[in-house]
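What follows is the residue order along each chain.
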Amino acid sequence: MTSTDVRPVADPEQSPGRATAWTALKPLVLRLHFYAGILIAPFLLVAATTGLLYAASFQIEQVVYRHELTTPVGESRLPLTQQVAAARTARPDGKVTAVRPADERDSTTRVLMDVPGLPESTQLAVFVDPYTGQVRGMLDSYGSSGALPVRAWISGLHRHLHLGEPGRIYSELAASWLWIVALGGLVLWITRRRRNRRLRGLIAPDRSLAGARRRLSWHGSVGLWAVVGLLFLSATGLTWSKYAGENVDGLRAALGWTTPTISTSSGDHAAHSASGGHQHGGSRADVDRVARAAAGKGLSGPLEIVWPAEAGAPYLVKEIDKSVPQRLDQVAVDATTGQVSAELRFADYPLAAKLTRWGIDGHMGLLFGLANQLLLALLASGVITLIVLGYRMWWQRRPTRGFGKPYPRGGWRKVHRAVLVPLFLLSVAVGWFLPLMGISLAVFLMIDVLLGVHARLRS
């Protein structure tokens, strides 16, 4: 929310001859909100626009790759071992790393392979008809989400504009400032409307107003409705960032909030490898036995069966249904004996690990399926609306038009030390934890000081 109504108004919180803490702080909040809106809004606009596109990427993927993802329904399915063998025959240069059995009657089985020449975090997905063993296509598959080329391209556009690591700075700036802009706008809107005791004055735009005041009313009301979602997107978006993300990971590790992992070390299973039970990477073991062992422990599709990373290690079978109700249990299975050597239940995750999982999946539009995607699209549209309204208000009331009188600088000097010192220390701590925000905040303050000096020199 970018407010540009900078004319001073009478403040009922202000006592005669003495400014309250909020009266003194309000100009600072307004200036910070204004500068962040003007200078950070372009980054937020790009993030919102690409996020809006990403919200529709799952449906786009289903349409574009319909031939690879679906197949005519047959009478009976072939064993998984035969389906994997069909993929190996089609790409003998590939090393099987995992298989995702068809989880719907008309869906294909996805066999994932490491193939020379693919980018980092990318595998080749071979799509096999589970009824005939026919290979229906091959596509690059990115990351743990299994994004196919079109969705991976949209995801890369949203995350780093296809500029690599330098491009991640834009999204980190957007995520770092989004919560500050949202909270600042919320406080400014509530305090501006506090004399209007009617709830409607806060949650709905005033249609009786005209011009800039009407746009401000729309700006504040839309921002109020969107603020919780914006805070959620900011917090979860920072987990993917480069610099702040490292601090988030460090904090999670220090507090014991990391996601638990299941043991898939070789241990006593090495003997099976020595006797020809199964082989690292190119295993010819009975994958169907692995699937049956997982089913015996209650795991159900969609599943991913991961080949062992070292000789003699068990196979990892994990549920990959990230929509509510989530199915994310995992088991480790010895392919030779069919014995389950370890289990990890999502219900046993620490609360912090569950919240992290829910936050990430909600940000990606997976948690509530289509409803989640529609909510993300609505939030992205709200951000775009707020930015357009904010720039429109600024353009109409820009200083060159001489409209209104800005708040005077130096209001912070009237703030009591008991408020100012903790606020300063909090700003330093937040700036350290969110480095790009801290650096850009220092730049904003420097710009404001220079503008003040320039104004004094001119006068």
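Coordinates for the structure precede this section.
Residues numbered from 1 in each chain as written. Predicted model: local features only at pLDDT ≥ 70, side-chain atom pairs only at ≥ 80, totals over all residues. Heavy atoms only, no water.

I keep staring at the overall build of the protein and nothing clicks. Help me out?
Each helix and strand in the protein was counted, giving 15 helices and 8 strands. Buried positions account for 46% of the 459 residues belonging to the protein. Taking all contacts inside the protein whose residues are at least 6 apart in sequence as the whole, residues at least 24 apart take part in 65%. Accessible surface, the protein: about 23600 Å² in total, of which carbon and sulfur atoms supply 62%. (Helix = DSSP H or I, 4+ residues; strand = E, 2+ residues; numbered from the N terminus. Buried < 20%, exposed > 50% of the residue type's maximum accessible area, 1.4 Å probe, protein only. Contact = heavy atoms within 4.5 Å. Areas by Shrake-Rupley, 256 points an atom, 1.4 Å probe, with all protein chains shown as cover.)

Can you help me understand helix α15 (residues 435–458) in this one?
Helical geometry: 3.6 residues make up each α-helical turn, so side chains three or four residues apart lie on a common side. Given a rise of 1.5 Å per residue, 24 residues ought to cover 34 Å, and the 35 Å separating the end C-alpha atoms of α15 matches this to within 8%. Of all the positions in α15, only Leu 436, Met 437, Gly 438, Ser 440, Leu 441, Phe 444, Asp 448 and Gly 452 are classed as buried. (Expected span 1.5 Å × (residues − 1).)

Mind showing me how you'd approach the packing of aromatic side chains here?
The geometry of two aromatic rings is summed up by the distance between their centres and the angle between their planes. Across all of its chains, the model carries 8 aromatic pairs by this definition. A connected cluster of aromatic rings, assembled from ring pairs, spans Phe 346, Tyr 349 and Trp 358. The aromatic ring of Tyr 243 is capped on one face by Lys 242, whose charged end is 5.6 Å from the ring centroid. Just above the ring of Phe 346 sits the side chain of Lys 354; from NZ or CZ to the centre is 6.0 Å. (Phe/Tyr/Trp six-rings, centres within 6.5 Å; stacked < 30°, edge-to-face > 60°. Lys NZ or Arg CZ within 6 Å of the ring centre and 35° of its normal.)

Help me understand the nonpolar core in this model?
Note that soluble globular proteins tend to have their nonpolar side chains buried in a common cluster. Grouped together as the largest cluster of nonpolar side chains are 36 residues, with contacts concentrated most on Ile 40, Leu 44, Trp 177, Leu 230, Leu 434, Met 437 and Phe 444. Sorting the residues of this core by element identifies α1 (21–55), α6 (168–192), α8 (211–238), α13 (370–396) and α15 as the ones contributing at least two each. When neighbours within four sequence positions are excluded, Leu 44 is seen to be in contact with Ala 174, Leu 178, Val 383 and Ile 387. (Core = buried A, V, L, I, M, F, W, Y, C linked by side-chain atoms within 4.5 Å.)

Please explain unusual backbone geometry as it appears in this structure.
A negative phi angle characterises most non-glycine residues, just as the trans form characterises most peptide bonds. The step from Val 324 to Pro 325 runs through a cis peptide bond, and the omega angle for that step is -5°. Relative to the assigned elements, Pro 325 resides in the loop between β6 (315–319) and β7 (330–333). A positive phi angle, near 65°, is found at Ser 121, a position not held by glycine. With respect to the helices and strands, the residue Ser 121 is situated in the loop between β2 (109–114) and β3 (122–128). Residues other than glycine seldom take positive phi values, yet Leu 161 does so here, at roughly 55°. Along the chain, the position of Leu 161 falls in the loop between α5 (149–160) and α6.

What am I meant to see in the environment of Tyr 54 here?
For Tyr 54, the location among the structural elements is in helix α1. Spatially, the C-alpha atom of Tyr 54 lies 9.7 Å from that of Gly 156, the residues being 102 residues apart in sequence.

Looking at this model, I keep getting lost on the pattern of salt bridges. Mind explaining?
Going through the model one piece at a time under the given rule, you end up with 12 salt bridges. Taking the shortest distance from any N to any O, the salt bridge between Arg 168 and Glu 165 comes out at 3.2 Å. By relative accessible area, Glu 165 is classed as partly exposed at 41%. Salt bridges linked by common partners bring Lys 297, Asp 329, Glu 343 and Arg 345 together as one network. (Salt bridge = Lys/Arg side-chain N within 4 Å of Asp/Glu carboxyl O.)

When you look at the packing of α6 against α8 in this model, what are you seeing that I'm missing?
Two quantities define a packed helix pair, namely the angle between the axes and the distance from one axis to the other. Running from N to C, α6 and α8 point in directions that differ by 140°, and their axes come no closer than 8 Å. In terms of orientation, α6 and α8 fall into the oblique class. By crossing handedness, the relation of α6 to α8 is classed as left-handed. A class-by-class count of the residues in the contact of α6 with α8 yields 14 nonpolar, 6 polar and 3 charged. (Axes fitted to C-alpha atoms, helices over the stretch in contact; angles between N-to-C directions. Parallel < 35°, antiparallel > 145°, perpendicular 65-115°, else oblique. Left-handed = near helix turned anticlockwise from the far one by under 90°. Nonpolar A, V, L, I, M, F, W, Y, C, P; charged D, E, K, R; others polar.)

Is there a simple way to explain the environment of Arg 345 in this structure?
Examined against the element boundaries, Arg 345 turns out to sit in the loop between β8 (340–344) and α12 (351–363). In contact with Arg 345, not counting residues within four places along its chain, are Lys 297, Leu 299 and Asp 329. Here Glu 343 takes part through its side chain, which lies 2.8 Å from a polar atom of the side chain of Arg 345. (Polar contact = N/O pair within 3.5 Å; in protein donor to acceptor, adjacent residues only side chain to side chain.)

Looking at this model, I keep getting lost on the side chain of Thr 71. Mind explaining?
By the element assignment, Thr 71 lies in the loop between α3 (66–69) and α4 (80–90). A distance of 2.7 Å separates polar atoms of two side chains, one belonging to Thr 71 and the other to Asp 129. For Thr 71, the contacting residues outside a window of four places in its chain are Asp 106, Ser 107, Thr 108, Asp 129, Pro 130, Tyr 131 and Arg 136.

Where do I start with α6 in this structure?
Over its 25 residues, α6 extends 36 Å from the first C-alpha to the last, a length consistent with the 36 Å expected when each residue adds 1.5 Å. At Trp 177, α6 shows its strongest bend, of approximately 30°. Most of α6 is tucked away, with 18 of its 25 residues classed as buried. (Bend = angle between axes of the 7 residues up to and from the residue.)

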